[in-house]
Amino acid sequence: MFVSKYSNPEFSPYDDDSVPETTVPGNWPAPTVSHALAASLTLPGSKSLTNRELVLAALSDGPSVLHSPLHSRDSALMIEALRALGVGITEIATGNPFGPDLAIVPGELEGGSSIDCGLAGTVMRFLPPVAALALGPIAFDGDEAARRRPMRTTIDSLRALGVDVSDDGRGTLPFSLYGMGSVSGGEISIDASASSQFVSGLLLAAARFEDGLTLRHTGEKLPSMPHIEMTIACLAARGVIVESPEPGVWIVPAGAIHAIDVELEPDLSNAAPFLAAAVVAGGTVTIEGWPESTTQVGADLEQLLPLFGAVATRTDGALTIDGGAGIIGGNNFPGIELDLSTGGELAPTIIALAALASSPSTITGIGHLRGHETDRLAALSAEINALGGAVTELEDGVHIEPRQLHGGIWHSYEDHRMSTAGAIIGLAIAGVEVEGIDATAKTLPQFPQLWATLVGDAPLTTSTLGLL
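Residues numbered from 1 in each chain as written. Predicted model: local features only at pLDDT ≥ 70, side-chain atom pairs only at ≥ 80, totals over all residues. Heavy atoms only, no water.

Participant: Got a minute to help me understand the sheet that holds strand E12 (residues 249-252) in this structure?
Facilitator: Backbone-to-backbone hydrogen bonds pair the strands of a sheet. The strands run either parallel or antiparallel. Taken in spatial order, the 3 strands line up as E10-E11-E12 in an open sheet, and their pairing is mixed. Either end of the sheet is taken by a strand with one partner, and the two such strands are strand E10 (186-190) and E12. Mean inter-strand twist for the sheet, computed between neighbouring axes without regard to direction, equals 15°. The strands that helix H5 (residues 197-206) touches are E10, strand E11 (213-217) and E12; relative to E11, the one it contacts most, it runs at about 170°. (Pairing = 2+ DSSP bridges. Helix = DSSP H or I, 4+ residues; strand = E, 2+ residues; numbered from the N terminus. Axes fitted to C-alpha atoms, helices over the stretch in contact; angles between N-to-C directions. Contact = heavy atoms within 4.5 Å.)

Laid out in structure tokens, this is it:
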């Protein structure tokens, strides 16, 4: 039987017998390649979709089954939080090497519990509106880094809906609320400029509000619109039709959220570093199970990676990136000018590639990344510059000048996408060591094993994935 290890914040992807002998605990030597790649990989389910579907299944009018969900720290935190609220969630054994399916049986939501958000934005922003539907007190807290993530919009929106919330004026974790068993709903206005998750969190629960919800965004910018479109699509599949009469306004009618069985797509954002590896090393990388159509922002990789000179090819159920000769074959790819406001979670991968480019790059539309797992703009700038790079922070992005990089320690800041960005640079630059590679357990616990397979250092089996 599969036992999830990822709810433990101390979990390391090297907890099994596949630990490379060269691995130093907390310090992962990023593999450097000297040959073109020829890899084909399958990835586990989408974190964004898994956590949305878990919430909707918990609020639905009957049992649901999630097929091929993600099993990671973020999803484990969501599962344990929903269980604490009275939702039944059990595992169904399958042949999927990434873990079992999940059967969800809604229950009467109950308070009197504490919810550990870890560092998961989907937990800290999706669960409070759900918890407001329970009866009784519920406390929210998370990792130390989570206490620095913006939460005021969620807290203020709950108060606007009549929910009793106590945060001692911090506007961050920890906070608590007292659910009355129902939420009246109605019309509220919020500023979701810091994260689209503030909108999605309200939309996911809104059909269960007595009067539904009319939600209006008042800020000048709204990042990551594809994530809101993903939320709306998930709701529509369960019979909840969200109207948007004008940009920044959403109307959710009160009504049932229907129970359905869902097949989860692979996580296309987690595919980013693997596909980017083809640009660096040359050769081809194929991700199997690529959906024909999707609301995941990772789908933009098909257009983004060719900006660095790669060729993207779609075949039935797969996406292949051909990096040609790559850097190691003497093919210097150009820098880019790019507004990445719709796909900010791809920024660490794109910036890592830009740091290896032969001409300057400017990436904008990503100022909101300062409020992610860490201040990603500051972190990426600091780590690239520490390896000899020349990155300058802008108000809404970064500018990268080409420099010859060298090896050194790459700090993860407990951020999974920082860890994978270091791995990308390590493909071309010898001596890069990623501190805290276990941060990848947040959304892709098997990252080191999959990366070793990518570069040809190890075959991929259920044993090397650590899932036996």
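Participant: Explanation requested: the pairing of strand E22 (residues 432-435) in the structure shown.
Facilitator: Looking along a regular strand, one sees side chains alternate from face to face of the sheet. Burial along E22 is one-sided: Val-432 and Val-434 are buried, and none of Glu-433 and Glu-435, which face the opposite way, are. Across 3 bridges, strand E1 (residues 27-29) lies against E22 in antiparallel orientation. Each residue of the ladder has a partner; that of Pro-29, found in E22, is Glu-433. As judged from the 4 bridges shared by strand E21 (residues 408-411) and E22, these two strands associate in the parallel manner. Bridge assignment links Ile-409 to a residue of E22, and that residue is Glu-433. (Buried < 20%, exposed > 50% of the residue type's maximum accessible area, 1.4 Å probe, protein only.)

Participant: What is the right way to look at empty space enclosed by the protein in this model?
Facilitator: A water-sized probe rolled over the atoms picks out the places where empty space is left. Counting across every chain of the model gives 5 cavities of 30 Å³ or more. In this structure, the largest cavity occupies an estimated 260 Å³ of space. In this structure, the largest cavity is lined by 23 residues; those nearest its centre are Lys-47, Gln-197, His-227, Glu-345 and His-372. Broken down by class, the residue content of the lining of the largest cavity amounts to 2 nonpolar, 12 polar and 9 charged. Estimated volume of the second largest cavity: approximately 60 Å³. Contributing to the lining of the second largest cavity are Ser-46, Lys-47, Ser-48, His-227, Met-230, Asp-267, Ser-269, Gln-296, Val-297, Glu-345 and Arg-417. (1 Å grid on protein atoms, 1.4 Å probe; cavity = no way out; pocket = protein on both sides within 12 Å on 5 of 7 lines; lining within 4 Å. Points joined across faces, edges and corners; volume = space filled by probe spheres on them. Nonpolar A, V, L, I, M, F, W, Y, C, P; charged D, E, K, R; others polar.)

Participant: I tried to follow the side chain of Thr-231 on my own but got confused; where do I start?
Facilitator: As for its position among the elements, Thr-231 is in helix H6 (residues 225-237). At 2.8 Å, the side chain of Thr-231 forms a polar contact with the side chain of Arg-52. In contact with Thr-231, other than residues within four places in its own chain, are Arg-52, Ser-200, Leu-203 and Leu-204. (Polar contact = N/O pair within 3.5 Å; in protein donor to acceptor, adjacent residues only side chain to side chain.)

Participant: What's the story with the pattern of salt bridges in this structure? I'm lost.
Facilitator: Pairing is possible between side chains that carry opposite charge, provided their charged atoms lie close to one another. For the structure on display, the rule yields 17 salt bridges. The partner of Arg-238 in a salt bridge is Glu-53, and the shortest N-O contact between them spans 3.2 Å. Placement of the pair is Arg-238 in the loop between H6 and E12 and Glu-53 in helix H1 (residues 47-58), with a sequence separation of 185 residues. Here Arg-238 and Glu-53 have matching classes, each one buried. One salt bridge connects Arg-147 with Asp-141, and the closest N-O pair in it is separated by 2.6 Å. Exposure remark for Asp-141: the relative accessible area of 23% places this residue in the partly exposed category. Among the charged side chains, a network of salt bridges with common partners joins Asp-74, Glu-373, Arg-376, Asp-415 and Lys-442. (Salt bridge = Lys/Arg side-chain N within 4 Å of Asp/Glu carboxyl O.)

Participant: Sorry if this is basic, but what is going on with helix H12 (residues 447-454) here?
Facilitator: An α-helix turns once per 3.6 residues; consequently, residues spaced three or four apart project the same way. With 8 of 8 residues buried, H12 lies mostly within the body of the structure. Regarding H12, the residues found buried are Phe-447, Pro-448, Gln-449, Leu-450, Trp-451, Ala-452, Thr-453 and Leu-454. Packed against the buried residues of H12 are E1, strand E2 (37-41), helix H7 (272-281), strand E14 (283-288) and helix H11 (416-428). Looking one or two places after H12, you find Gly-456, whose phi comes out positive at around 85°.

Participant: How should the packing of helix H2 (residues 73-84) against helix H3 (residues 121-131) be read in this particular structure?
Facilitator: For any two helices packed against each other, one specifies the inter-axial angle together with the distance between the axes. The interhelical angle for the contact between H2 and H3, taken along N-to-C directions, is 25°, at an axis separation of 9 Å. In terms of their interaxial angle, H2 and H3 are classed as roughly parallel. Considering only the axes of H2 and H3, their crossing is right-handed. Here H2 contributes Asp-74, Leu-77, Met-78, Ala-81 and Leu-82 to the contact with H3, which in turn contributes Thr-122, Val-123, Phe-126 and Leu-127. Grouping the constituent residues of the contact of H2 with H3 by class yields 7 nonpolar, 1 polar and 1 charged. (Parallel < 35°, antiparallel > 145°, perpendicular 65-115°, else oblique. Left-handed = near helix turned anticlockwise from the far one by under 90°.)

Participant: Just checking my understanding: could you explain the packing of aromatic side chains for this structure?
Facilitator: Aromatic ring pairs are reported here in terms of the distance separating the ring centres and the angle at which the planes meet. A full pass over the atoms with the stated rule returns 6 aromatic pairs. Aromatic rings pair up to connect Trp-28, Phe-274, Phe-447 and Trp-451 into one cluster. (Phe/Tyr/Trp six-rings, centres within 6.5 Å; stacked < 30°, edge-to-face > 60°.)

Participant: Any chance you could explain the sheet that holds strand E17 (residues 337-339) here in plain terms?
Facilitator: Read from one edge of the open sheet, 4 strands run E17-E18-E20-E19, paired in mixed fashion. The open sheet has two edge strands with one neighbour each: E17 and strand E19 (390-394). Going across the sheet, the axis of each strand differs from the next one's by a mean of 10°, ignoring polarity. Pairing geometry for E19 and strand E20 (residues 397-401), over 5 bridges, is antiparallel. The residue of E20 that forms the bridge with Ala-390 is Glu-401. Packed onto the sheet, helix H9 (residues 347-355) meets E17, strand E18 (361-364) and E20 and runs at close to 20° relative to E20.

Participant: In this structure, what is going on with unusual backbone geometry? I would like to understand it.
Facilitator: Most peptide bonds adopt trans geometry, and most residues besides glycine take a negative phi value. The omega angle of the peptide bond from Leu-173 to Pro-174 is -5°, so this bond is cis rather than trans. Residue position: Pro-174 is located in the loop between strand E8 (164-166) and strand E9 (175-180). Despite not being glycine, Ser-224 has its phi angle at roughly 55°, a positive value. Counting through the fold element by element, Ser-224 comes out in the loop between E11 and H6. Not every positive phi belongs to a glycine, and Tyr-413 is a case in point at roughly 55°. Along the chain, Tyr-413 falls in the loop between E21 and H11.

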